[in-house]
Amino acid sequence: MSNILVLNLPKGFDCILLHLNPGVLKRFKKILKWFFLILLFLLVSIYIFIQTPFGQNWIVKQVTKRLSKDLQTKVTIAHVDFSLFNKMHLEGLMIEDRQGDTLLYAGDMKVRITDWFFFKKQAELKYVGLENAVIKFQRTDSVWRQQFLFDYFGSSGGSGKKKEGGLKLDLRKLELKNVSFLKKDAWMGEDMQIKVGSLDLDADKLSLSGNRFEVNSLLIKDPVVAIYKYDRKKPRRIRTAEELEQEVKKALGWNNQTIVKVGNLAIINGTFSTDKEGKPRLDYFDGQHLLFTGINGKWNNARFEGDTVFASMQLSAREKSGFEVKEMKAEVKMTPQGMAFSDLEIKTNRSVIRDYYSMSYDDMDDLGAYISKVKMAAIFRDSYIDSDDIAFFAPKLANWKKKITLNGNVRGTVDNMIGTGMLIQAGNGTLFNGDLSMTGLPDINQTFIDLRANDFRTVYPDMVTIIPALQRVSSPDLRKIQYLNFKGNFTGFIRDFVTFGTVQTNLGTLVTDINMKLPAGQDPLYSGNISTENFRLGEFLGDRTIGAVAFDAIVKGRGFNDQSRNTSIEGKIKFAEIKGYRYRNI
């Protein structure tokens, strides 16, 4: 019996009859069966081969060999273990630069992903772990050593078209242990080391291809950040107005429309240090050689929206000088042009500062020129500062031993500062209530002061502690002024000023509108209007032949002692005691 196969073709075509021999059909079925069996066997064999350590490492060896050839550098993986469907484990991954130094080393890397992820449009990276890893960025000119990697993996294959679609990945959990990032940038003259003892990230939505990232918690233990600055190799040149404008525009947008939310961020036992080559080290707080240790912080409900960061912050740290921030709490807002801390409370060694502080700048690089380029605004409420804390920054105040209470508003830069509604009290001897502007700090001798005092009181020991230059003034003898109360205005420099107001002292009361010059090593110069009802002038001048005086006069002169005094007085002298005799109505 033969088999006939009839092929019915569309209308208009002839019908085809195939006559099949039974023996041929049987052989065909047998060949087809063996074909599929062999194909299945090959597939199973390949799968088993890939699942074995030998097979996996053989494949990886071929891949790294090809990469090494294409990249013209050394790429090695010591050991690999992976499943086709959901996990991978790499050990000893190393990529060198073309100078033979390490670009990337990962001692241990683990990845777990959604089962059968390659059949899905979206998958979860359930877990990524990285341990004992080092990442290096190095350059001595304008090109980073790993630029060849960026060129290789970032090329579009010449099409110039951006790849669309593809697999979307959401990261759920990330763990880092003993991971370091090293940057050696001789071109810009800055080295940086960032090391993380451990990092645990638990994400709710962290798409690696989107612009919205939501993290439930991020815990960082034993982080170290060290910055070292030195002379750069990049030539310095004057930037054009257009270049400056472009830099400002670049700073205005950190991340465009990216949104990052972190429910709880914590740092435990952090370290931060900065060093600058060629700068001498100081025994007190040294802004060029900082070392903060024991940094512990919490940031709750942190979010990064557009170019603005918001967070509720708690922070503590200790600097090598001994200055300690025991607790800092605030609602934080940060942009590329500034930082603001509201509901602020800072507790240091012996001080408490409240309530608001902000600083603004054109670029974050301006923080390196804090004194002149960073604009501050502060509201002080129920704050007090211990002089021992100030002594960490100004050691000459170490023996002052005063507690300073502070209320008022301050704005401006350090070298051009204005304080309004100020109420400052230092111990029981010094108090200031009024407004104050100072231009020229931190050099007090070159600082222009405009002071409007509703009430200013002080004593000689406090005056010379705050303004040490007064200690060198021997004529007149300022030590004789046991206390001083002043209401009025003070305008000028420490050694060249005008006072207008009423001065009450233990020697008597003066109403003044006078210019006083106290040149170093020279006799004082003075001119203006002075009136008094009773002032012990001789005691103030250190001249025993003169007693008390009362006058209303225009005074102009030089010097105060017998040898150098040259003074003219125009006006009415109500009385003057000279050598024990009182002369009247002179």
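Residue positions within a chain follow its written sequence, with the count starting from 1. With pLDDT at 70 or above as the cut-off, local features in this predicted model cover only qualifying residues; side-chain atom pairs require 80 or more to be listed or tallied, and sums for whole chains, interfaces and linings still use all residues. Hydrogens and waters are ignored; side-chain quantities use all the structure's heavy atoms.

1. Some points on the overall build of the protein
Right, on to step 1. Only DSSP runs of H or I with at least four residues qualify as helices, and only runs of E with at least two residues qualify as strands; both kinds are numbered from the N terminus onward. Scanning the protein from N- to C-terminus turns up 8 helices and 30 strands.
Right, on to step 2. Carbon and sulfur atoms make up 57% of the accessible area of the protein, which amounts to about 35,600 Å² in all. Each accessible area value is a Shrake-Rupley result obtained with a 1.4 Å probe; residue values ignore everything except the protein chains displayed when judging cover.

2. Considering the pairing of strand β4 (residues 87-96)
Right, on to step 1. Classification of residues uses two cut-offs on accessible area relative to the type maximum, computed with a 1.4 Å probe and protein chains only: under 20% is buried, over 50% is exposed, and between them is partly exposed. For β4, the buried fraction is high: 7 of the 10 residues fall into the buried class.
Right, on to step 2. Where β4 lies against strand β5 (residues 102-113), 9 bridges are found, and the strand directions are antiparallel. By the bridge assignment, E91 is partnered in β5 with D108.
Right, on to step 3. We call two strands paired when DSSP finds no fewer than two bridges between them. The loop that links β4 with its antiparallel partner β5 comprises 5 residues; one of these, G100, has a positive phi angle of about 90°.

3. Observations concerning a positive patch on the surface
Right, on to step 1. Taken together, K110, R112, K126 and K177 make up a surface patch of like positive charges.
Right, on to step 2. Within the element layout of this structure, K177 appears in strand β8 (residues 173-185). Residues qualify for a patch when their relative accessible area is over 30% and they have no salt bridge, like charges being joined within 9 Å and the nonpolar side chains of Val, Leu, Ile, Met, Phe, Trp and Tyr within 5 Å. When a carboxyl oxygen of Asp or Glu lies within 4 Å of a side-chain nitrogen of Lys or Arg, that pair is called a salt bridge. For this count, His and the chain ends are skipped, Lys and Arg are scored as positive, and Asp and Glu as negative. A single reference atom marks each charge: NZ on Lys, CZ on Arg, CG on Asp, CD on Glu.

4. What about the pairing of strand β25 (residues 496-505)?
Right, on to step 1. Inspection of the sheet shows strand β24 (residues 483-493) paired to β25 by 10 bridges, in the antiparallel sense. Considered in β25, the bridge of N485 is made with Q504.
Right, on to step 2. Between β24 and β25, which follow one another and run antiparallel, lie 2 residues.
Right, on to step 3. Both β25 and strand β26 (residues 508-517) contribute to a ladder of 10 bridges, which runs antiparallel. Looking at β26, one finds that G501 is bridged to T512.
Right, on to step 4. Hairpin remark: β25 followed by β26, antiparallel, with 2 residues in the connecting loop.

5. Concerning unusual backbone geometry
The bulk of non-glycine residues show a negative phi, and the bulk of peptide bonds are trans.
Right, on to step 1. Of note in the backbone geometry, Q72 takes a positive phi value of approximately 60° without being a glycine.
Right, on to step 2. With respect to the helices, strands and loops of the structure, Q72 is situated in the loop between α2 (53-71) and β3 (75-83).
Right, on to step 3. For Q72, a relative accessible area of 60% puts it in the exposed group.
Right, on to step 4. For D343, which is not glycine, the phi dihedral falls at a positive 50°.
Right, on to step 5. Relative to the elements of secondary structure, D343 occurs in strand β16 (residues 338-347).
Right, on to step 6. D343 sits in the exposed class, given a relative accessible area of 59%.

6. Notes on the side chain of D386
Right, on to step 1. Tracing the chain through its elements places D386 in strand β19 (residues 375-386).
Right, on to step 2. One buried charged residue, D386, forms no salt bridge at all, with the nearest opposite charge on R350 at 5.0 Å.
Right, on to step 3. Residue contacts are counted whenever heavy atoms from the two residues lie within 4.5 Å of one another. Dropping the residues within four chain positions of it, D386 is found in contact with R350, S351, K402 and K403.

7. Some remarks on the side chain of D185
Right, on to step 1. Counting through the fold element by element, D185 comes out in strand β8.
Right, on to step 2. Residue contacts for D185: discarding those within four places in its chain leaves R139, W144, E190, D191 and Y230.

8. As for the nonpolar core
Right, on to step 1. Ranked by size, the top nonpolar core spans 83 residues in total, and within it L199, L201 and F341 carry the most contacts.
Right, on to step 2. Sort the elements by how many residues they give to this core and strand β9 (residues 190-206) lands first, with 5 residues.
Right, on to step 3. Setting aside residues up to four positions removed in sequence, L201 forms contacts with R172, K173, L174, L206, V215, S217 and L218.
Right, on to step 4. Only buried residues count toward a nonpolar core. Its members are Ala, Val, Leu, Ile, Met, Phe, Trp, Tyr and Cys residues joined through side-chain atoms within 4.5 Å. Of all hydrophobic cores here, the second largest spans 6 residues; its members include L71, I95, L103 and L149.

9. Section: the packing of aromatic side chains
Working definition: an aromatic ring pair is given by the centre-to-centre distance plus the angle between the planes.
Right, on to step 1. Note on aromatic contacts: the rings of Phe and Tyr and the six-membered ring of Trp form a pair at centre separations within 6.5 Å, being stacked when their planes are under 30 degrees apart, edge-to-face when over 60 apart, and tilted otherwise. Under the counting rule described, the total for this entry stands at 12 aromatic pairs.
Right, on to step 2. Here F137 and W144 contribute two aromatic rings whose centre-to-centre distance is 5.8 Å and whose plane-to-plane angle is 65°, an arrangement assigned as edge-to-face.
Right, on to step 3. Here the aromatic rings of F323 and F393 are separated by 5.2 Å at their centres, their planes lie at 70°, and the arrangement is edge-to-face. With F323 in the loop between β14 (308-319) and β15 (324-335) and F393 in the loop between α6 (387-390) and β20 (403-413), the pair connects residues that are 70 residues apart, well separated along the chain.
Right, on to step 4. An aromatic cluster is defined as three or more aromatic residues linked by ring pairs; in this entry it consists of F285, F323, F392 and F393.

10. So, the environment of R582
Right, on to step 1. One can find R582 in strand β30 (residues 581-584).
Right, on to step 2. Judged by relative accessible area, R582 falls into the partly exposed class, the value being 32%.
Right, on to step 3. Distance in space between the C-alpha atoms of R582 and I546 is 9.9 Å, their sequence separation being 36 residues.
Right, on to step 4. Residue contacts for R582: discarding those within four places in its chain leaves F575, A576 and E577.

11. Thoughts on the pattern of salt bridges
Right, on to step 1. Scanning all chains against the criterion turns up 21 salt bridges.
Right, on to step 2. Between R145 and D101 there is a salt bridge, with the nearest N and O atoms lying 4.0 Å from each other. Taken as a pair, R145 in the loop between β6 (122-139) and α3 (147-154) and D101 in the loop between β4 and β5 lie far apart in primary sequence, 44 residues in all.
Right, on to step 3. Take R145: its relative accessible area is 27%, and that puts it in the partly exposed class.
Right, on to step 4. On the basis of relative accessible area, D101 is assigned to the partly exposed category, the value being 24%.
Right, on to step 5. Here E533 ties to K574 by a salt bridge, and the two come within 2.8 Å at their closest N and O atoms.

12. With respect to a nonpolar patch on the surface
Right, on to step 1. Judged by side-chain polarity, W34, L37, I38 and L42 come together as a nonpolar surface patch covering roughly 400 Å² of accessible area.
Right, on to step 2. The topology assignment puts L42 in helix α1 (residues 22-51).

13. Comments concerning the confidence of the model for the protein
Right, on to step 1. Summary statistics for the protein give a mean pLDDT of 82 and a share of 80% for residues scoring 70 or more.
Right, on to step 2. Between the elements of the protein, mean pLDDT differs from a low of 51, seen in strand β1 (residues 3-7), to a high of 94, seen in strand β17 (residues 352-353).
Right, on to step 3. Confidence scores per residue from the predictor, reported as pLDDT, run from 0 to 100. Note on residues 156-167: pLDDT under 50 across the span, and 7 contacts to partners over four residues away in sequence or across chains.

14. Comments concerning the environment of F323
Right, on to step 1. Judged by its relative accessible area of 13%, F323 falls in the buried class.
Right, on to step 2. F323 sits 25 residues away from T348 along the chain, and the two C-alpha atoms are 7.3 Å apart.
Right, on to step 3. Excluding residues that lie within four positions of it along the chain, F323 makes contacts with R318, T348, N349, F392 and F393.

15. A few points about the environment of T430
Right, on to step 1. Among the secondary structure elements, T430 is positioned in strand β22 (residues 430-439).
Right, on to step 2. Considered as a pair, T430 and V459 are 29 residues apart in the sequence and their alpha carbons are 6.7 Å apart.
Right, on to step 3. Sequence-distant contacts of T430, defined by excluding residues within four places in its chain, comprise I424, Q425, F456, R457, T458, V459 and D462.
Right, on to step 4. Polar contacts, as counted here, are pairs of nitrogen or oxygen atoms within 3.5 Å of one another; within protein the pair requires one atom able to donate a hydrogen and one able to accept it, and residues that are adjacent in sequence qualify only if both atoms are side-chain atoms. Side-chain polar atoms of T430 contact the side chain of T458, separated by 3.0 Å.
Right, on to step 5. For T430, the side chain forms a polar contact with the side chain of D462, separated by 2.6 Å.

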